Amino acid sequence: MSCEIRKLGGLDYALCRYGASKLQFRGPPRKTSVPYVAFMGGAKTFGRYIALPFPALVERQVALPCLNLGTPSAGVDVFLRDDEIMRLASAAQVTVVQVTGAHNMTNRYYSVHPRRNDRFIAPSKLLCSIYPEVDFAEFHFTRHLLNALWTVSNTRFELVVNELQEAWVARMRLLIGRMTGPSVLLWLNAHDEVSTSDPTIGSAPLFVTQRMIAQVETMAAKLIQVSPSRRAVSEGTTGMVFPKEEKKQAAQLAGVRAHREIADVLGPTIRRLA
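Below is a summary of the structure that appears in this document.

**Digging into the overall build of the chain**
Argument step 1. Scanning the chain from terminus to terminus reveals twelve helices and seven strands.
Argument step 2. In summary, the chain has a C-alpha radius of gyration of 18 Å against a globular reference of 19 Å for 274 residues, a match within 12%.
Argument step 3. Scored against the burial criterion, the 274 residues of the chain give a buried share of 54%.
Argument step 4. A fraction of 71% describes how many contacts in the chain between residues 6 or more apart in sequence connect residues 24 or more apart.

**As for the environment of Val37**
Argument step 1. Position of Val37 relative to the elements: it lies in strand E1 (residues 37–41).
Argument step 2. For Val37, a relative accessible area of 0% translates into the label buried.
Argument step 3. It is 15 Å that separates the C-alpha atoms of Val37 and Ile262, two residues lying 225 residues apart in sequence.
Argument step 4. With near-sequence residues (within four places) excluded, Val37 lies in contact with Leu64, Pro65, Cys66, Leu67, Ala92, Val94 and Ile270.

**Considerations on the layout of surface pockets**
Argument step 1. Of the voids in this model, the second largest pocket is the one considered here, and its volume is about 170 Å³.
Argument step 2. Surrounding the second largest pocket, 15 residues form its lining, Gly27, Pro28, Arg30, Pro53 and Ala56 being those nearest its centre.
Argument step 3. Put simply, the parts of the chain that give the lining of the second largest pocket at least two residues each are helix H3 (54–62) and strand E2 (66–70).
Argument step 4. It is H3 that contributes the most residues to the lining of the second largest pocket, four residues altogether.
Argument step 5. Looking at the lining of the second largest pocket residue by residue, the classes come out as nine nonpolar, two polar and four charged.

**Some thoughts on unusual backbone geometry**
Argument step 1. A cis amide bond, omega 0°, links Gly27 with the succeeding residue Pro28.
Argument step 2. Assignment of secondary structure puts Pro28 in the loop between helix H1 (2–6) and E1.
Argument step 3. If you check the backbone angles, Phe207 has positive phi at about 70° while not being a glycine.
Argument step 4. Its place among the elements puts Phe207 in the loop between strand E6 (183–188) and helix H9 (210–217).
Argument step 5. Phe207 gets classed as buried once you look at its relative accessible area, which sits at 0%.

**Structural notes on empty space enclosed by the protein**
Argument step 1. What the rule picks out here adds up to one cavity of 30 Å³ or more.
Argument step 2. What the largest cavity holds in volume is close to 40 Å³.
Argument step 3. Among the secondary structure elements, those contributing two or more residues to the lining of the largest cavity are helix H4 (76–80), strand E3 (94–98) and helix H8 (154–177).
Argument step 4. Tallied by class, the residues present in the lining of the largest cavity amount to five nonpolar, three polar and no charged.

**Regarding the packing of H8 against H9**
Argument step 1. Between H8 and H9, the shortest axis-to-axis distance is 9 Å and the interhelical angle comes to 25°. The orientation of H8 with respect to H9, classified from their angle, is roughly parallel. With respect to the hand of their crossing, H8 and H9 are arranged in right-handed fashion. Along its contact with H8, which presents Gln165, Trp168, Val169, Met172, Arg173 and Ile176, the element H9 presents Arg211, Met212, Ile213, Gln215 and Val216.
Argument step 2. Considering only residue class, the contact of H8 with H9 consists of seven nonpolar, two polar and two charged.

**Considerations on the state of the cysteines**
Argument step 1. Per the stated rule, a full pass over the model turns up zero disulfides.
Argument step 2. Left without a disulfide partner, Cys16 is nearest to the cysteine sulfur of Cys66, which lies 14 Å away.
Argument step 3. Cys16 gets classed as buried once you look at its relative accessible area, which sits at 9%.

**Looking at the packing of H3 against helix H12 (residues 256–273)**
Argument step 1. Running from amino to carboxyl end, H3 crosses H12 at an angle of 40°, the nearest separation of the two axes being 8 Å. Considering their axes alone, H3 and H12 lie oblique with respect to each other. Between H3 and H12 the crossing geometry is right-handed. Of the residues in H12, those touching H3 at Phe54, Leu57, Val58, Gln61 and Val62 are His259, Arg260, Ile262, Ala263, Asp264, Leu266, Gly267, Pro268, Ile270 and Arg271.
Argument step 2. When its residues are assigned to classes, the contact of H3 with H12 shows nine nonpolar, three polar and three charged.

**Quick word on the packing of aromatic side chains**
Argument step 1. Following the criterion strictly, the structure yields seven aromatic pairs and no others.
Argument step 2. Between the aromatic rings of Tyr13 and Phe46, the centroid separation amounts to 5.0 Å while the plane-to-plane angle is 40°, which identifies the pairing as tilted. Pair noted here: Tyr13 is in the loop between H1 and E1 and Phe46 is in helix H2 (residues 43–46), with a separation of 33 residues, a long-range link.
Argument step 3. Since its relative accessible area comes to 0%, Phe46 is described here as buried.
Argument step 4. One cation-aromatic arrangement involves Arg26 over Phe46; the distance from NZ or CZ to the ring centre is 5.9 Å.
Argument step 5. Positioned above the aromatic ring of Tyr131 is the side chain of Arg156, whose terminal nitrogen or guanidinium carbon lies 4.8 Å from the ring centre.

So, how was this worked out
- Residues numbered from 1 in each chain as written.
- Predicted model: local features only at pLDDT ≥ 70, side-chain atom pairs only at ≥ 80, totals over all residues.
- Heavy atoms only, no water.
- Helix = DSSP H or I, 4+ residues; strand = E, 2+ residues; numbered from the N terminus.
- Rg over C-alpha atoms; globule rule 2.2 N^0.38 Å.
- Buried < 20%, exposed > 50% of the residue type's maximum accessible area, 1.4 Å probe, protein only.
- Contact = heavy atoms within 4.5 Å.
- 1 Å grid on protein atoms, 1.4 Å probe; cavity = no way out; pocket = protein on both sides within 12 Å on 5 of 7 lines; lining within 4 Å.
- Points joined across faces, edges and corners; volume = space filled by probe spheres on them.
- Nonpolar A, V, L, I, M, F, W, Y, C, P; charged D, E, K, R; others polar.
- Axes fitted to C-alpha atoms, helices over the stretch in contact; angles between N-to-C directions.
- Parallel < 35°, antiparallel > 145°, perpendicular 65-115°, else oblique.
- Left-handed = near helix turned anticlockwise from the far one by under 90°.
- Disulfide = S-S within 2.5 Å.
- Phe/Tyr/Trp six-rings, centres within 6.5 Å; stacked < 30°, edge-to-face > 60°.
- Lys NZ or Arg CZ within 6 Å of the ring centre and 35° of its normal.

Keep in mind these numbers describe shape, not what the thing actually does.
Structure representation (structure tokens):
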């Protein structure tokens, strides 16, 4: 993973590890011997292509170290499987949990890589029985797999989506339930129109609905919903650092102004809770 992250274009992400965790995170590492805030999430929390992602901007506002525990391609599983990261998150003064998609998790139909949750590992016997015509050896990523399953049969695909959504709610409740301090649920792009059926057009976080959020938000101290302003959207990739060939990937992520907007919304809540 470290080599891939270093290729994300010109930025020094100062990759670091905490304790015995096998995961690498954006550094420099913050002190955990003093009160701190922890941020758990995916590529947007990590701040791919962004010099100052929103955890770093919040750190300036709250005067507390902010651990950026965001990791590209993360689902809920990557955190629940890592005892060191769960220990750090649960010990934080405040823990911010970015809502990630429901597709990058091991479930009754397929398994994913324990650290690279977007990597498809194998189908279950149940999935093979539902889709006997599919050659699962062709797939290496969850999104590719789901696109194919939907194309073969969108009726059968609804069974898969229902399973992913139920597993997501259970996993998120388990994650938030292990926090000893207050947690903030951060739902980015919350006002987008989200398809819960077609993975080719669904926007991130994939398959997550208001109904699902309602089932977990009561366990958090605060639910914060942020969508980029029109100005942030119009600025696109302005200020982002990426190789020319990765402009498409950069355009799919939150830009510089969007990160500032997220930080400005999070900052007052974290100051109050900490």
